[in-house]
Amino acid sequence: MSGESPTQTREATGPVLAPVPAPAPLTRRGRGTAWLLSAGMAAALAALVLASAALGAYAIPVGDVLGSLQHRTGLGGTALDRVAESVLWNVRFPRIVLAALVGASLGCAGALMQGVFGNPLAEPGVIGISSGAAVGAVCCISLGLNFLGTWSVAAAAFVSGLATVLLVYAMSRSGGRSEVVTLILTGIAVNAFGGALIGLFIFFADTAAVNQIAFWQLGSLSQATWPKVLAVLPCALLGLAAAPLYARRLDLLALGERPARHLGVDVERLRLVLILVIALLTAAAVAVSGIISFVGLVVPHLLRMAAGPGHRFLIGGSALGGAVVLLAGDLAARTLAAPAELPLGVLTALLGSPVFFWLLRRTRRTQGGWA
């Protein structure tokens, strides 16, 4: 047997900076860092919830927000006047909850993608989820389909996103197995085909439909309602509850496919289940918010740098971090250019691109070149 380490036996996954390092057992210092990060993100999330509820075109003092929350939960407090109560509970809180659910879903999906593909550059769009969801939404808008009323676009995006992932997985299988390289290449091809379909639908759409398509593709939570929250909630809770169950197997997979099989991991089954979980989380998020990039890419990467590659913390931490990032982004989107509102997807891309470029430079420098 050669002297190669387990990480050197990992099969190549395409042009990447470096493979995701194999997780080591958390030391006491590592656990302390993870707990500190979790507490900090939880505190930031609570502060952002209050700030998002208070700030806007109709300002509501934080004390009044807390009083209304206490009143609604039966813990005392007082109800606000009719206008403030309506703004708070029919406009802002649905948007806050939806931002947290979408951010948590995208962050968790990004952490799972990077673990499944063994690649710190992986994100849900790699296997065509976002592109497939966009095709469904654009098709529905351009053809004027209205089979579910106001839910038509979201339903079309969700179904087409899931269908695209299943198609990519089926096309990448050979001899009862799928390989990471084949999945990536198939996803690239499907993304290109999806982009062509989107362009074709836009070409034949009228002006009103083109404007609606452009608004959807830029990403926004401005149409948030409690029914949309309830539509996303089951998919988000199911995916977020299932993901931590596979943390240990993802840690073993980080050693390489062959060592993971020797340690009892059914790699093919694990990959299929987690791709379905990723598809569920991402398709539900994209269906109600449009395309929002970089959350699932940057958040897990930053947490891995801070607390190490162990998935026991990384999966939950990425969900919490994604909620914080998206809630902060949504607050900035609706306050920076008030009374206008910036597209959320554009804002996350503008802020995420420089951060990711810094991550690329840092990883290349610390790893001594491209792996």
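This text goes with the structure placed above it.
Residue numbers here run from 1 along each chain, matching the order of that chain's written sequence. Reporting in this predicted model follows two pLDDT cut-offs: at least 70 for local features of residues, and 80 or more for side-chain atom pairs to be given and counted; totals over whole chains, interfaces and linings ignore these cut-offs and use all residues. Hydrogens and waters are ignored; side-chain quantities use all the structure's heavy atoms.

1. Points about the nonpolar core
Stated precisely, the cut-off is as follows: Nonpolar core, defined: a set of buried Ala, Val, Leu, Ile, Met, Phe, Trp, Tyr and Cys residues in which side-chain atoms within 4.5 Å join the residues together. Three labels apply to residues, based on accessible area from a 1.4 Å probe with only protein chains included: buried if under 20% of the type maximum, exposed if over 50%, partly exposed otherwise in between. For the purposes of this entry, the term helix denotes a DSSP run of H or I that reaches at least four residues, the term strand denotes a run of E that reaches at least two, and both are numbered from the N terminus.
Counting 82 residues, the largest nonpolar core has L88, L98, L112, F117 and I127 as the members making the most contacts within it. With 19 residues, helix α3 (residues 82-117) is the largest single contributor of residues to this core. Of all hydrophobic cores here, the second largest spans 18 residues; its members include A156, A209, I213 and V286.

2. Some words on helix α12 (residues 295-307)
Under the convention used in this document: Any helix carries an expected span of 1.5 Å times its number of residues minus one.
Taking 1.5 Å per residue as the helical rise, α12 with its 13 residues ought to reach 18 Å, and the 18 Å between its terminal C-alpha atoms agrees with that figure. Judged by how many residues are buried, α12 sits mostly within the fold: 10 of 13 residues are covered. Listing the buried residues of α12 in full gives V295, G296, L297, V298, V299, P300, H301, L303, R304 and A307. Trailing α12 by a residue or two, G308 shows a phi angle of about 95°, which is positive.

3. Some remarks on helix α8 (residues 226-242)
Note the threshold: One axis is fitted to the seven residues ending at the residue and one to the seven starting there. The bend at that residue is the angle between these axes. Between two residues, a contact is recorded if the distance between any of their heavy atoms is within 4.5 Å.
A rise of 1.5 Å per residue sets the reference length of α8, with its 17 residues, at 24 Å; its end C-alpha atoms lie 24 Å apart and thus fit the reference within 8%. Along α8, the largest kink reaches about 35° and is centred on L233; proline P234 follows within four residues of it. Turning to α8, its buried residues are K228, V229, V232, C235, A236, G239 and A242. Close packing links the buried residues of α8 with α3, α5 (152-172) and α11 (267-289).

4. As for the side chain of E85
The cut-off we apply is this: Two N or O atoms count as a polar contact when they lie within 3.5 Å, although within protein this holds only if one can serve as hydrogen donor and the other as acceptor, and sequence-adjacent residues are included solely when both atoms are side-chain atoms.
Following the sequence through the fold, E85 ends up in helix α3. With relative accessibility at 12%, the residue E85 sits in the buried group. A distance of 3.2 Å separates a polar side-chain atom of E85 from the backbone nitrogen of L80. Those residues within four positions of E85 in sequence are excluded, and the remaining contacts are S68, R72, A79, L80 and N90.

5. Here's the deal with the pattern of salt bridges
Our working rule: Here, a salt bridge means any Lys or Arg side-chain nitrogen found within 4 Å of an Asp or Glu carboxyl oxygen.
Taken as a whole and judged by the stated rule, the model has 6 salt bridges. The partner of E85 in a salt bridge is R72, with the nearest N and O atoms 3.1 Å apart. In this pair, E85 sits in helix α3 while R72 sits in helix α2 (residues 62-72), placing the two residues 13 residues apart along the sequence. The partly exposed category is assigned to R72, whose relative accessible area is 46%. We note a salt bridge from R271 to E257, for which the minimum N-O separation is 2.5 Å. Here the residue R271 occupies a position in helix α11, and E257 occupies one in helix α10 (residues 257-262), the gap between them amounting to 14 residues.

6. Side note on unusual backbone geometry
Backbone geometry places F294, a non-glycine residue, at a positive phi of 75°. Here F294 is to be found in the loop between α11 and α12. According to the relative accessible area criterion, F294 is partly exposed, its value standing at 22%.

7. Here's the deal with the packing of α3 against α11
Stated precisely, the cut-off is as follows: Orientation is described by lines fitted to C-alpha atoms, with helices fitted over the stretch in contact, and by angles between N-to-C directions that extend from 0 to 180 degrees. Any angle that is under 35 degrees is reported as roughly parallel, and any over 145 degrees as roughly antiparallel; angles of 65 to 115 degrees are reported as roughly perpendicular and all others as oblique. Handedness of a helix crossing follows the sense of rotation of the near helix relative to the far helix, less than a right angle counterclockwise being left-handed and clockwise being right-handed. Residues are grouped as follows: Ala, Val, Leu, Ile, Met, Phe, Trp, Tyr, Cys and Pro are nonpolar; Asp, Glu, Lys and Arg are charged; all remaining types, including Gly, are polar.
Remark: α3 packs on α11, axes separated minimally by 9 Å, with the N-to-C direction vectors making an angle of 150°. Of the possible angle classes, the one that applies to α3 and α11 is roughly antiparallel. Here the hand of the crossing between α3 and α11 comes out left-handed. In contact with L98, V102, S105, L106, C108, A109, L112, M113 and V116 of α3, α11 contributes R271, L274, V277, I278, L281, T282, A285, V288 and S289. Partitioning the contact of α3 with α11 into residue classes produces 14 nonpolar, 3 polar and 1 charged.

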